[in-house]
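Now for the letters of each chain:
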Amino acid sequence: MKNIFFAFTLLILASCSPKSYPDKNWEGKQWTLVEIMQVPVQTSGSEQDAHLIFDSRQSMISGTGGCNRIFGSYEIGKKNMLEFDEIGSTRMACQDSPFENKFLEVLKSVRYYQVSAGELLLKNGKKDVILKLQ
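Here the structure is a predicted model, which is why all the values come from computation and not from measurement. (Residues numbered from 1 in each chain as written. Predicted model: local features only at pLDDT ≥ 70, side-chain atom pairs only at ≥ 80, totals over all residues. Heavy atoms only, no water.)

> Looking at this structure, how should I read the overall build of the protein?
Looking only at helices and strands, the protein features 3 helices and 9 strands. Listing every helix and strand of the protein by position from the N terminus yields α-α-β-β-β-β-β-β-α-β-β-β. Put simply, the protein has 134 residues, and 37% of those count as buried. A sequence separation of at least 24 residues applies to 42% of the contacts in the protein between residues at least 6 apart. Split by element, the accessible area of the protein, about 8600 Å² in all, is 55% carbon and sulfur. (Helix = DSSP H or I, 4+ residues; strand = E, 2+ residues; numbered from the N terminus. Buried < 20%, exposed > 50% of the residue type's maximum accessible area, 1.4 Å probe, protein only. Contact = heavy atoms within 4.5 Å. Areas by Shrake-Rupley, 256 points an atom, 1.4 Å probe, with all protein chains shown as cover.)

Written out as structure tokens, the structure reads:
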């Protein structure tokens, strides 16, 4: 009887532990955009490259589209599900506004993720890779 009680208690404590989703490993890492809709993106290795930074404790993202700051929330679920919500950005005038607008538009259509060989692959509902970040 004690063993059953101990196992039950352990199970309850495990279910209350901090989330164990992979985004915990993404915490604070700058994921730089290297491909959008199978088209390579030129990067400079600087903070100005389009990128995302995940805050797994708040389920929030921040980053840049190359000029403007990006911010919003996300939800990660079972079976590699990932959705971004309330994505917004600052609105400074930029030379590459069409690129930033496309990045935000594609980001909103993300439904799944995969981490492979140091890359974060973001996929649409058909599970096609639409964004590749390193």
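> Would you mind showing me how to read the layout of surface pockets here?
If you add up the space inside the largest pocket, you get close to 220 Å³. Contributing to the lining of the largest pocket are 18 residues, with Q48, G65, G66, D96 and F99 lying nearest its centre. When residues in the lining of the largest pocket are grouped by element, the largest group, 3 residues, is from helix α3 (residues 97-108). Its residues assigned to classes, the lining of the largest pocket shows 6 nonpolar, 9 polar and 3 charged. (1 Å grid on protein atoms, 1.4 Å probe; cavity = no way out; pocket = protein on both sides within 12 Å on 5 of 7 lines; lining within 4 Å. Points joined across faces, edges and corners; volume = space filled by probe spheres on them. Nonpolar A, V, L, I, M, F, W, Y, C, P; charged D, E, K, R; others polar.)

> Teacher, can you tell me more about the pairing of strand β7 (residues 112-116) here?
Strand direction decides the pairing type here: β7 and strand β8 (residues 119-123), joined by 5 bridges, are antiparallel. Bridge pairing in β8 links Y113 to L122. The loop that links β7 with its antiparallel partner β8 comprises 2 residues; one of these, A117, has a positive phi angle of about 50°. (Pairing = 2+ DSSP bridges.)

> Just to check I follow, could you spell out the packing of aromatic side chains for this structure?
Two aromatic rings are characterised by how far apart their centres lie and by the angle between their planes. On inspection of all chains with the given rule, the structure shows 5 aromatic pairs. Ring geometry for W26 against Y113: centres 5.2 Å apart, planes inclined by 85°, an arrangement best described as edge-to-face. Highlighted residues: W26 in helix α2 (residues 23-26) and Y113 in strand β7, separated in sequence by 87 residues. In this structure W26 comes out as buried when scored by relative accessible area, which is 3%. (Phe/Tyr/Trp six-rings, centres within 6.5 Å; stacked < 30°, edge-to-face > 60°.)

Function cannot be inferred from these measures alone, as they are strictly geometric.
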